[in-house]
Amino acid sequence: MYLDLAEHLASPSPVDSVCITSAFSHTDFHQFCPSTGRIYQCKNTCKALVDNSCRPKTRTALPKHGLFMLGRLVQVSKNYRSVIRACMEDMHQAAVSARDPALHSQYSTQVSILSAMELIWNLCEILFVEAAVAGPLLLRLLDWVRLHVCDVDNMVREVLSSENPSKHELFWNLGNTQTLTEMELKWQHWHEECQRYLQDGTFASNSHMESICKILLGDENAILEKKELMTTWYHFLVTRLLYSHPTVKPMELRFYAQSSMDLFLGGESSPEPLDTILMAAFEFEMHQVIKECSIALSNWWFVAHLTDLLDHCKLLQSHNLYFGSNMREFLLLEYASGLFSHYSLWQLGVDYFDHCPEYGRVYLELHIERIPLNTEQKALKVLRICEQRQMHEQVRSICKIMAMKALRNNRLGSALSWSIRAKDAAFATLISDRFLKDYCEKGCFSDLDLIDNLGPSMLLSDRLTFLGKYREFHRLYGEKRFSEAAKLLLMLMTAHIAPCSFWMTLLTDALPLLEQKEVIFSAEQTYELMRCLEDLTAGKSDKQKFQDDDVETMKVEMLRLALARNLARVIVKEGTLEGS
């Protein structure tokens, strides 16, 4: 999928301590196939694969030079295999250090699954990515078998470490196996030399050497006699090709593969899921390989990345799914959807959705709304993702959710901040009312830093504008800028943006200004204040007036007295000025 991504993947970790053959078991792989009714979700394996991968980069255009592009794709494939092998080593170490038998068994099974994944990927790399031709093809297959069968190396060490290697019981088995997998000798030279020795009866007195000659000549019966040294049918396949048809062509592999599996199994057992997958690869049925891997493996990491690689190789272009998305995108969508169910890997899933041009955004919008916003830090992460992708509806939704949570916890400052970010005028009005209610009850504002720095955001709603301006009035009053404070207070009352329930509070705030030694309010402003007071008292019914407590009544009387006194002072002052 991500060619830039794969270049940054971890370099191959040594897996010398993990014997691939012994670690991998057909039975383990089969037990985790849905056909048995047991689908085991290898969460540790999946997480390890993702943790060893880098975040996807922007998909870059590949150069059109065939050799350069092929080399880069092969390197991408090898990097992916290095990730699998690194995870295999981690799981092996975990299995070794596990004291609980059940946990040891679980980790060992995961090593087997990872081993099968690497085995399949390596074969696909040889057949599909490298597209090896006759000649080099067999060399690649020899490398493939040798990489995944380490019994020979163990036998070599055991024999050579003995006092008399030639007398060791495994000596002739080692000779046979070593000959089977040797790559450096030339097949033609083997064939001619062995044919002559066999015809001359040179080794007639030594059955072991005679058996080796027959093997070098490609005698199938002789090779099958050493069946116990070959752990799998595909080991037998490569051995058979080496000595009978070393220049096999890619399209001929299917016939040799099928006959080799039939000969090796001999009707004693039926093919298992791994056998089916490898056979599909030898038959160059890429879609069948992907299908069988999807069924057998417990997560989408393998098929998603393998399909993406094959798509870059231009091998899946003609295969579109009936609902519009191609196979590559479908599998990436499934894999990314699975990542979103994990508490920490969901962010990586976002990057995968970004690389799905047709349905990626739709899937992302659906999944982003289901992320539990447990903390503000997580909410900010989700919000940043949405803002970077211009997902405005999701941005508003997240902000509303966080604002409501903050409001329930009586964190008015946070609630107001989220509502402003959501551009939700109704909710901003509701929170502003809560601020004003708290002010009336406590006589002071909370979250002054937020209110003092609302800036243009206060224009979101009239009530928020009033809150910001009312806080500005208090600031001006505290700085003893009484004239500016008086003008602002009067503007708040006459502009009809203040809630009617707050008018008495505004008029009460005017009392200290009315009682200043210096006249603050002009005659016109004083008349406006008197009109506001009368509108307030006139708007109440007789029942409401009766229910008003003595404090409210006293406030009204004090305001009327202060307004009358201020009006008298203003008239005297203005008359004096006119007379002079």
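This one's a predicted model, so the numbers in the text were calculated from it and none came from an experiment.

Engineer: Before we go on, may I ask you to explain the overall build of the protein in this structure?
Structural biologist: Along the backbone of the protein there are 31 helices and zero strands. A burial count over the protein gives 48% of its 580 residues as buried. Within the protein, contacts between residues separated by at least 24 positions form 69% of all contacts whose residues are at least 6 apart in sequence. When the accessible area of the protein is evaluated, it comes to approximately 28900 Å², of which 53% is carbon and sulfur surface.

Engineer: Sorry, what's going on with the side chain of Asn566 here?
Structural biologist: Tracing the sequence through the fold places Asn566 in helix 31 (residues 550-579). Setting aside its immediate chain neighbours within four residues, Asn566 contacts Leu514, Val519, Phe521 and Thr526.

Engineer: Would you explain the nonpolar core in this entry?
Structural biologist: General note: in soluble globular proteins, nonpolar side chains tend to be found buried as a group. Of all hydrophobic cores here, the largest spans 162 residues; its most connected members are Leu127, Trp144, Trp233, Phe282, Phe302 and Tyr470. Dropping the residues within four chain positions of it, Phe282 is found in contact with Leu123, Leu127, Leu141, Trp144, Trp233, Tyr234, Leu237, Leu253, Arg254 and Ala257.

Engineer: Which parts of the structure should I look at to understand the pattern of salt bridges?
Structural biologist: Pairs can form between side chains of opposite charge once their charged atoms are near each other. Applying the stated criterion across every chain, the model contains 22 salt bridges. Two residues, Glu118 and Arg81, come together in a salt bridge whose shortest N-O distance is 2.9 Å. Here Glu118 is found in helix 6 (residues 101-129), whereas its partner Arg81 is found in helix 5 (residues 66-97), with 37 residues between them in sequence. Each member of the pair Glu118 and Arg81 is classed as buried. Through salt bridges with shared partners, one network takes in Arg81, Arg85, Glu118 and Glu125.

Engineer: Would you take a moment to explain the side chain of Ser414 for this structure?
Structural biologist: Structurally, Ser414 can be placed in helix 23 (residues 412-422). For Ser414, a relative accessible area of 16% translates into the label buried.

Engineer: I tried to follow the state of the cysteines on my own but got confused; where do I start?
Structural biologist: Simply put, the disulfide is a covalent bond whose two ends are the sulfur atoms of two cysteines. Scanning the model with the defined rule gives zero disulfides in all. Cysteine Cys386 is unpaired, with the sulfur of Cys399 as its nearest cysteine sulfur at 9.2 Å.

Engineer: I would appreciate a short explanation of the packing of helix 6 against helix 15 (residues 273-282) in the present structure.
Structural biologist: What describes two packed helices is the angle between their axes and the distance between those same axes. For the pair helix 6 and helix 15, the least separation of the axes is 10 Å and the interaxial angle reads 10°. The angle between helix 6 and helix 15 falls in the class roughly parallel. Across the interface between the two elements, Ala116, Leu119, Ile120, Leu123, Leu127 and Phe128 from helix 6 touch Leu274, Ile277, Leu278, Ala281 and Phe282 from helix 15. Grouping the amino acids of the contact of helix 6 with helix 15 by side-chain chemistry returns eleven nonpolar, no polar and no charged.

Engineer: It is not clear to me how the environment of Thr239 should be interpreted in this structure. Could you clarify?
Structural biologist: Within the fold, Thr239 resides in helix 13 (residues 233-244). With a relative accessible area of 1%, Thr239 lands in the buried category. With 21 residues separating them along the chain, Thr239 and Gly218 place their C-alpha atoms 8.5 Å apart. At 2.8 Å, the side chain of Thr239 and the backbone oxygen of His235 are in polar contact.

Engineer: I'm lost on the packing of aromatic side chains in this one. Help?
Structural biologist: Aromatic rings considered in pairs are described by the distance between their centres and by the relative angle of their planes. One pass over the structure, following the stated rule, counts 22 aromatic pairs. Judged by centre distance (5.7 Å) and plane angle (80°), the rings of Trp233 and Tyr234 are edge-to-face. You can call Trp233 buried: its relative accessible area is 2%. According to the relative accessible area criterion, Tyr234 is buried, its value standing at 7%. Among the aromatic residues, those joined into a cluster by ring pairs are Tyr439, Phe466, Tyr470, Phe473, Tyr477, Phe482 and Phe502.

Engineer: Looking at this structure, how should I read the packing of helix 26 (residues 462-478) against helix 27 (residues 482-494)?
Structural biologist: Direction vectors running N to C along helix 26 and helix 27 enclose 155°, while the axes themselves pass 8 Å from each other. Taken together, helix 26 and helix 27 sit at an angle that is classed as roughly antiparallel. As helix 26 packs across helix 27, the resulting crossing turns out to be left-handed. Residue-level inspection shows Phe466, Lys469, Tyr470, Glu472, Phe473, Leu476 and Tyr477 of helix 26 in contact with helix 27, the latter providing Phe482, Glu484, Ala485, Leu488, Leu489 and Leu492. Taken together, the residues that form the contact of helix 26 with helix 27 break down as ten nonpolar, no polar and three charged.

Engineer: Whenever I open this one, the environment of Gly349 confuses me. Can you help?
Structural biologist: Note on placement: Gly349 falls in helix 19 (residues 346-354). In this structure the C-alpha to C-alpha distance between Gly349 and Leu332, which are 17 residues apart in sequence, comes to 9.3 Å. When near neighbours in sequence (up to four residues on either side) are disregarded, Gly349 contacts Ala336, Leu339 and Phe340.

Engineer: Hey, could you run me through the confidence of the model for the protein in this one?
Structural biologist: Fine structural detail should not be taken from predicted coordinates in areas where pLDDT scores are low. Scored by pLDDT, the protein has a mean of 76; 76% of the residues are at 70 or more. Note on residues 51-65: pLDDT is under 50 here. Beyond four places in sequence and across chains, it has 44 contacts. Here residues 174-185 scores under 50 on pLDDT; set against residues more than four positions off or in separate chains, the count is 34 contacts.

What counts, and at which threshold
Residues numbered from 1 in each chain as written. Predicted model: local features only at pLDDT ≥ 70, side-chain atom pairs only at ≥ 80, totals over all residues. Heavy atoms only, no water. Helix = DSSP H or I, 4+ residues; strand = E, 2+ residues; numbered from the N terminus. Buried < 20%, exposed > 50% of the residue type's maximum accessible area, 1.4 Å probe, protein only. Contact = heavy atoms within 4.5 Å. Areas by Shrake-Rupley, 256 points an atom, 1.4 Å probe, with all protein chains shown as cover. Core = buried A, V, L, I, M, F, W, Y, C linked by side-chain atoms within 4.5 Å. Salt bridge = Lys/Arg side-chain N within 4 Å of Asp/Glu carboxyl O. Disulfide = S-S within 2.5 Å. Axes fitted to C-alpha atoms, helices over the stretch in contact; angles between N-to-C directions. Parallel < 35°, antiparallel > 145°, perpendicular 65-115°, else oblique. Nonpolar A, V, L, I, M, F, W, Y, C, P; charged D, E, K, R; others polar. Polar contact = N/O pair within 3.5 Å; in protein donor to acceptor, adjacent residues only side chain to side chain. Phe/Tyr/Trp six-rings, centres within 6.5 Å; stacked < 30°, edge-to-face > 60°. Left-handed = near helix turned anticlockwise from the far one by under 90°. pLDDT = per-residue confidence, 0-100.

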